[in-house]
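# Examining the three-dimensional arrangement
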Amino acid sequence: MKTLLAGAAIALMGLTQTAAADGHANYPERPIMMMVSYGAGGATDFQARIVTMTSGNEDALGMPIAILNKPGAGGRVGWNWLAGQAEADGYTLGAYNVPHFIAQSIKGGVEYSTASFEPIANWGADPAVLVVGKDSEFNTLQDVVDFAKANPGKLTTSGAGLFVGHHIAALQMEKAGDMKMAYIPTKGGGAAAMKAVIAGDVMAGINNLSDAFRAAQAGNVKILAVADLERNEFLPDVPTMMESGLAVDNASVNFRGVMVPKGTPQGIIDKLAATVPTMFENSRVAGKMKAGGSPMHVMNRDEVLAMWAAREETLKELLAGL
Amino acid sequence: MRLIRQLLQAAQFRRFLLKIPGAPANIATTLDGHAMALNGEGAKALQLSFLSSAVGGVFGVLLLIFLTPVLAQWALAFGPSHLFWLAILGVTVIGSLDSASVVKGLLSGCIGLWLATIGFDDIMGAQRFIFHPSLGGGINIIAALIGLFAIPQVITMFAKGHKNDGTEAIQVQKHPIKSAVSELLRYKRAMGIGTITGSIIGLIPGVGGQIAGLVAYDQSKKFSPDKDKFGTGHPEGLIAAESANNAMVGPSLVPLLTLSIPGSPTAAVLLGGLLIHGIFPGTDLFDNHPDVAWTFINSMLIGQILMCIFGLYVAGMAARVAQVPQSMMAAIVLGLAVFGSYSVQSSMGDVYVMASLGVMMYFLERFGFSAAPLVLGLILGPIAESNFIQGSMIATATDGLAPYFFTGPLNLFLIAVVVLSVLYSGYMELRARRYTSKEEIMG
Amino acid sequence: MSNITLPRFQHIIGSGIVAAVGASVCYISYTQQPSEAFLFPRLIATVFVVLALWTFVKACLGWTKVGNGISLTQFKNLAPGLIIALIYIFWAAKGLGFYTATSIAFFILLSLYDPAPHRVLKSWVKRIITTACFMAVMYGLFALLLKVYTPREIFF
């Protein structure tokens, strides 16, 4: 048995070597897998499926990308897996959510940091928005700030977990407005946090723009402000927090994109970095994303590297006191 | 669009004949379905289950059609405190599920609740009870189900050795569909309880249909004159569980279609499908896209009926699965269990978890513990925990813990049901002890 | 208390193990940090340990109805199958590849538990054919239909 195993090991090594020798010219030779660290049907999963659907085309990668969901603990489970257990052979990609994974790595208790991954490209930017129920007495951001200042710690505000974009936005609001809110993290992502707002379980909520846009269209919530640098094309009438006098920048914007684990051959990274952004810009992809109410924002590898570094610095400062 | 329906129904065959639930919602059905298959009534069990699913399912879809706007408000009435009490109610239901001993039933439930907390905690991100790296993601519910139900069956087949094999072959009795229909009419009470319980539970976002079958099973057991027959292949339990399982499908889409909140994982996938076509479910879905909304609902209705006809047609054939020799069955189920648990998330860790839980369950079953309450605990654990944490956070920010959890008509109603359930379990326990001590003396 | 039968002895051991697990779960949840994350586990563990100790005491005093336990013959019957199954799951599936390991395990289990005589060539041929059919179905179902990429090592 031992010789058999040794033989198998040698054969495997031989395989890897031949693959390396040809400079990955033939990559990809089989379907690629992309890990999404949130459940099927969530915003990240939904968008990941759309932006990768043209991957099998000849002008893209020429091989389909299959989505593998590894949900749990606000994404930690999936990213831990990608950093520690996934094979860095170019056939395992992962979807990232910034600021989530960076904030989690700063907070500690996980096996990854920005150094564990190599970004490929960014496909979307989903800002956090402040929502209140349709019958709420709050009509502007100022109303909310006034209430929170008058009643420290009484303004219950739902969001999808701790150390995710929503939580960062809440922390920034508290800092900018010099006030104290009661941030209520929910389990089960944006949907559960939104349900709490619609049902009146909480007084306000911070949620994804894409989900809030849908709920507002259905007439269930009012969107009071966007936590971004400029107004969003989906919501031209909603002011940014800065316009309303609260100094909150775009640190909480949920950037979604593709990355690979560290150790993936440079040749493959280069090939992916060259092909994937053009794949995202495909008109079919853009059409579906718009129909689904998901804002797109394509960035190439160098831009994402810069964005990660900038975000890490802001978050370290923001989370230092916690 | 008929995906949900088909997924639920396809799971049917595998589960009774082998006592392996195909989907989490099916646990309750296996309790009596498997016993019926062992009695040679596999065909009857399948027929009854398809018929009662169809009745429950059609009722659920009709509710969806006529009462959507009203039901949407109802679904929202359940806040964190109510969902917490509802999960606790589920835990007390555990007690009476296990007929051997109420304490062991509750203890199995506790083991399940504990297993559910393994892995990274969802809100804080803290590591809890991670003894092995493959437990980091927590225990996958599908892998756990396969392990807890299939592996003990496999080991039981091993334990019989190869000599007894031939004599154990089960004769499958033929069963005319007409008599299945009349049987169904005879158990109107179970049918009604199942359908109504399923519809109500299906509405509540977050709880989903996973416990609908179990709660309905338990309720019909409490109301039935033939309590003792439950679990031994009694059609009533099967009918209640199965009608509830399907009655919940229609109402579970109410929060999605009216409020755009997916109430269950299946509904979340469905939401994705609608979004890709540029359709936003919400209050105006019926105004803006009436064609889509109605096609969808009608296809659910037609799907319900077609699946019933198809199911009845193949029931006779499928029941023969039980006739495969046990030696081969054990090996087949083992292989399927390994491949099945691996393919959930392409993870070896899930296979290890499946096997460990399965072997543990075999030995626990020998000592009077049972898998159903354990699984219920595993499913309800996260619901109870997240609503407890969320509720207590809201409560501390507003009017305090006690008023938040203990006031309001809905809270009080749920607490009353929980208390009654506990008292009932206690009474059962006392009766059981009297019974056993008598037996001990005689023995 | 007097006549301790095999099932009752097993029952005491079994409930003792459950009680020990309960106690250690309780200990871990009350000592680990952060305490907010262990709030709910503490709640469960407390109930867990109380019920487990109750069951254990009842088992020792012989108050409960004892299940059938495992007889010596049953244990002798299941041991080889269980050992093969455990080797298959915990080592061979990954070490040899899913399909190779499953074929081997399937064939061994079939040979162990099949009532057909072991001296007759025909029954061996039948076993090989059954194994091949099963593997073909599995390959068709998982590799072709569901497109699951299972670990492959030696052959496939």
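Basis of the calculations
Residues numbered from 1 in each chain as written. Chains lettered and ligands numbered in written order. Predicted model: local features only at pLDDT ≥ 70, side-chain atom pairs only at ≥ 80, totals over all residues. Helix = DSSP H or I, 4+ residues; strand = E, 2+ residues; numbered from the N terminus. Buried ≥ 20, exposed ≤ 12 C-beta atoms within 10 Å, placed from the backbone. Contact = placed C-beta atoms within 7 Å. Nonpolar A, V, L, I, M, F, W, Y, C, P; charged D, E, K, R; others polar. Core = buried A, V, L, I, M, F, W, Y, C linked by C-beta atoms within 7 Å. Pairing = 2+ DSSP bridges. Axes fitted to C-alpha atoms, helices over the stretch in contact; angles between N-to-C directions. Domains from an automatic or database assignment. pLDDT = per-residue confidence, 0-100. Expected span 1.5 Å × (residues − 1). Bend = angle between axes of the 7 residues up to and from the residue. Left-handed = near helix turned anticlockwise from the far one by under 90°. Parallel < 35°, antiparallel > 145°, perpendicular 65-115°, else oblique.

### A short note on the overall build of chain B
Along the backbone of chain B there are 20 helices and two strands. Looking at chain B as a whole, 63% of its 443 residues are labelled buried. Within chain B, contacts between residues separated by at least 24 positions form 77% of all contacts whose residues are at least 6 apart in sequence.

### Some details on the overall build of chain C
The helix and strand tally for chain C stands at five helices and zero strands. What you see in chain C, going N to C, is helices and strands ordered as α-α-α-α-α. Long-range pairs, those at least 24 residues apart, make up 66% of the contacts in chain C with a sequence separation of at least 6.

### Quick word on the interface of chain C and chain B
The partner chain B presents 51 residues to the 53 residues of chain C that form the contact. Elements that contribute at least two residues to the side of chain C that touches chain B include exactly α1 (6-31), α2 (39-61), α3 (72-95), α4 (98-113) and α5 (121-145) of chain C. Looking at the side of chain C that touches chain B residue by residue, the classes come out as 34 nonpolar, 15 polar and four charged.

### What to know about the nonpolar core
Met34(A), Val129(A), Val131(A), Ala204(A) and Phe48(C) are the most contacted members of the largest nonpolar core, which has 282 residues in total. When neighbours within four sequence positions are excluded, Ala204(A) is seen to be in contact with Leu130(A), Val131(A), Val132(A), Phe138(A), Val144(A), Leu155(A), Thr157(A) and Val197(A).

### Section: the sheet that holds strand β10 (residues 254-261) of chain A
All names here are of chain A. If you trace the six strands from one edge of the open sheet to the other, you get β2-β1-β3-β10-β4-β11, paired in mixed fashion. Each end of this open sheet is capped by a strand with a single partner; those strands are β2 (65-69) and β11 (296-299). Recorded for the sheet is a direction-independent mean angle of 25 degrees between the axes of neighbouring strands. With eight bridges joining them, strand β4 (residues 117-126) and β10 adopt antiparallel strand pairing. Across the sheet, Asp126 pairs through a bridge with Asn254, a residue of β10.

### A closer look at the domain arrangement of chain C
Looking at chain C, the domain boundaries give domain 1 (6-61) and domain 2 (72-145). Spacing between the C-alpha centres of domain 1 of chain C and domain 2 of chain C amounts to 37 Å.

### Overview of the interface of chain A and chain B
Contacts between chain A and chain B engage 46 residues on the former and 41 residues on the latter. Listed by contribution, the elements that provide at least two residues to the side of chain A that touches chain B are α2 (43-51), α3 (76-84), β7 (182-185), α7 (189-198), α8 (209-217) and α10 (283-291) of chain A. Among the residues forming the side of chain A that touches chain B, the class breakdown is 20 nonpolar, 18 polar and eight charged.

### Brief notes about the sheet that holds strand β5 (residues 128-133) of chain A
Residues and elements named next belong to chain A. One open sheet holds the five strands; their spatial order is β7-β6-β8-β5-β9, and the pairing between them is mixed. Looking at which strands have only one partner, the edges of the open sheet turn out to be β7 and β9 (221-227). Going across the sheet, the axis of each strand differs from the next one's by a mean of 30 degrees, ignoring polarity. Sheet topology note: the strand β6 (residues 156-159)/β7 ladder contains four bridges and is parallel. Among the inter-strand pairings, Thr157 is bridged to a residue of β7, identified as Tyr183.

### Let's talk about unusual backbone geometry
All names here are of chain A. Of note, the amide linkage connecting Val98 to Pro99 takes the cis form, showing an omega dihedral of 10 degrees. Relative to the assigned elements, Pro99 resides in the loop between β3 (92-98) and α4 (100-107). Although it is not a glycine, Phe163 sits at a positive phi angle of roughly 60 degrees. The class for Phe163 is buried, based on 26 C-beta atoms found within 10 Å.

### Comments concerning the confidence of the model for chain B
All names here are of chain B. Considering every residue of chain B, the mean pLDDT works out to 75; 78% of them sit at 70 or more. Here helix α1 (residues 3-18) stands out as the least confident element of chain B, with mean pLDDT 45; helix α17 (residues 348-366) is the most confident, with 90. Note on residues 1-18: pLDDT is under 50 here. Beyond four places in sequence and across chains, it has 53 contacts. Here residues 435-443 is modelled with pLDDT under 50, and outside its nearest four sequence neighbours on either side it reaches five contacts, counting other chains as well.

### Digging into the confidence of the model for chain C
Residue and element names in this part refer to chain C. Per-residue pLDDT for chain C has a mean of 82; in total, 90% of the residues score no lower than 70. Element-level pLDDT for chain C is lowest in α5, with a mean of 86, against a maximum mean of 89 in α4. Reported for the predicted complex are a pTM of 0.77 and an ipTM of 0.90.

### Some details on the pairing of β4(A)
All names here are of chain A. By the criterion of burial, β4 is predominantly enclosed, with 10 of the 10 residues buried. As defined by bridge partners, β4 adjoins β11 across two bridges and the pair is classed as antiparallel. Within β11, the residue paired with Asn122 across the bridge is Met299.

### What to know about helix α6 (residues 165-177) of chain A
All names here are of chain A. Between its terminal C-alpha atoms α6 stretches 18 Å, which fits the 18 Å expected from 13 residues at 1.5 Å a residue. Counting buried residues in α6 gives 10 out of 13 residues, a clear majority hidden from the surface. Every buried residue of α6 is listed here: Gly165, His166, His167, Ile168, Ala169, Ala170, Leu171, Gln172, Met173 and Gly177. Positive phi appears at Asp178, one or two residues downstream of α6, with a value of about 50 degrees.

### Quick notes on α3(C)
Over its 24 residues, α3(C) extends 33 Å from the first C-alpha to the last, a length consistent with the 34 Å expected when each residue adds 1.5 Å. At Tyr88(C), α3(C) is deflected by roughly 45 degrees, the largest bend along its length. Contacts from the buried residues of α3(C) go to α6 (141-159), α16 (326-345) and α17 of chain B together with α4 of chain C. Phi for Gly97(C), located one or two positions after α3(C), is positive at around 95 degrees.

### Some thoughts on the packing of helix α9 (residues 212-223) of chain B against helix α10 (residues 235-247) of chain B
All names here are of chain B. Interhelical geometry of α9 versus α10 gives an angle of 145 degrees and a closest axis separation of 8 Å. You can see that α9 and α10 cross each other, and the crossing is right-handed. Counting all contacts with α9, which are made through Ala212, Gly213, Ala216, Tyr217, Ser220 and Lys221, the residues of α10 involved are Glu236, Gly237, Ala240, Ala241, Ala244 and Asn245. Split by residue class, the contact of α9 with α10 holds six nonpolar, four polar and two charged.

### Some words on the packing of α4(A) against helix α11 (residues 301-319) of chain A
Residue and element names in this part refer to chain A. The N-to-C vectors of α4 and α11 enclose an angle of 50 degrees; their axes lie 10 Å apart at closest approach. Here α4 is positioned oblique relative to α11, judged by the angle of their axes. For the crossing formed where α4 meets α11, the hand is right-handed. Contact with α4, carried on its side by Ile102, Ala103, Ile106 and Lys107, involves Trp308, Arg311, Glu312, Leu315, Lys316 and Leu319 of α11 and no other residues of that element. Residue composition of the contact of α4 with α11, grouped by class: six nonpolar, no polar and four charged.

### Thoughts on the pairing of β3(A)
Residue and element names in this part refer to chain A. Of all seven residues that make up β3, six are buried, and the element is covered over most of its length. As paired strands, strand β1 (residues 32-36) and β3 are joined by three bridges and run parallel to one another. Directly across from Met33, in β3, lies its bridge partner Thr92. One ladder, built from five bridges, connects β3 with β10; its direction is antiparallel. Opposite Ala95, over in β10, you have Val258 as the bridge partner.

### With respect to the environment of Tyr30(C)
Relative to the helices and strands, Tyr30(C) resides in helix α1. Separated by 11 residues in the primary sequence, Tyr30(C) and Pro41(C) place their C-alpha atoms 8.7 Å from one another.

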